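# Descriptive analysis of the structure
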Amino acid sequence: MQARGPLMIEHRLIERMMSLIKHALAQIESIHKIDPVFVDTMVDFIHMYADRTHHGKEEEILFRDLKNRPLSTEDQRVMKELIEEHAFCRQTNKELVEANTRYRTGDESALADIASKLHTFVEFYPKHIQKEDMVFFTASRTYFSDEEDKAMLAEFWEFDRKMIHEKYKSVVEGLQKQ
Ligand SMILES: [Fe+2]
Ligand SMILES: [Fe+2]
């Protein structure tokens, strides 16, 4: 498998989560409520999977290595854009957490904010994923030899292996703070 393989497989799971979010949005429209626990699950998926595990590998391994390569102006521009989009996603998820907290405590107006953030995600991800799958991953592969790509794949697996420990360390730390 090439290094971009796991990233593209992860994109497919993110797309499946976006379908679930679309379904949740339709429910908000029809019954004017949402289960805050379901929102928690989506927030956790975006935070731990889409952002830490997936964007983490992109930024901390792929983009890190690309920074030392003679990138074309266009590839440089796209990489900068992708990094900004990751930051936007992180910020949107934070705002979703805040809206969900307000909703839980009985603030009815928070439902519209939750819906707007969810809408942002279903709009955002397909475009971001397409830009990576169809444009950027193909372009970035040309800057690495087969050996370098293999080494990157190995580093991706190692990154994933550490993630489960990071996740549950943060769970314990979160509980200790309460
Ligand atoms: Fe990305
Ligand atoms: Fe991605």
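Now for a quick tour of the structure. Because the structure is predicted, anything quoted here is derived from the model rather than measured.

### Some thoughts on the coordination of the iron ion (ligand 2)
Binding of the iron ion (ligand 2) to the protein goes through His 11 (NE2), His 54 (NE2), Glu 58 (OE) and Glu 132 (OE), at separations of 2.0 to 2.1 Å. Given four donor atoms and angles of 83 to 168° at the metal, the environment of the iron ion (ligand 2) is assigned as irregular. Separating the iron ion (ligand 2) and the iron ion (ligand 1) is a distance of 3.1 Å, and Glu 58 donates to both of them. Here His 11 is found in helix 1 (residues 4-31), whereas its partner Glu 132 is found in helix 4 (residues 110-141), with 121 residues between them in sequence. Overall, His 11 belongs to the buried group, its relative accessible area being 1%.

### Let's talk about the coordination of the iron ion (ligand 1)
Protein coordination of the iron ion (ligand 1) is provided by Glu 58 (OE), His 86 (NE2), His 128 (NE2) and Glu 132 (OE), with donor distances spanning 2.1 to 2.2 Å. In this structure, the iron ion (ligand 1) is surrounded by four donor atoms whose angles at the metal cover 87 to 177°, and the resulting shape is irregular. Of note, the donors binding the iron ion (ligand 1) are all from one chain and are spaced E-x27-H-x41-H-x3-E.

### Side note on the environment of His 47
Residue position: His 47 is located in helix 2 (residues 36-66). A residue is classified by how much of its surface remains accessible, and His 47, at 39% relative accessible area, is partly exposed. Expressed as a C-alpha distance, the spacing of His 47 and Lys 94, which sit 47 residues apart in the sequence, is 9.1 Å. For His 47, the contacting residues outside a window of four places in its chain are Arg 52 and Asn 93.

Conventions and cut-offs
- Residues numbered from 1 in each chain as written.
- Chains lettered and ligands numbered in written order.
- Predicted model: local features only at pLDDT ≥ 70, side-chain atom pairs only at ≥ 80, totals over all residues.
- Heavy atoms only, no water.
- Donors = N, O, S within 2.8 Å, 3.2 Å for Na, K, Ca; no water.
- Tetrahedral: all angles 85-135°; square planar, octahedral: opposite > 155°, others 65-115°.
- Helix = DSSP H or I, 4+ residues; strand = E, 2+ residues; numbered from the N terminus.
- Buried < 20%, exposed > 50% of the residue type's maximum accessible area, 1.4 Å probe, protein only.
- Contact = heavy atoms within 4.5 Å.

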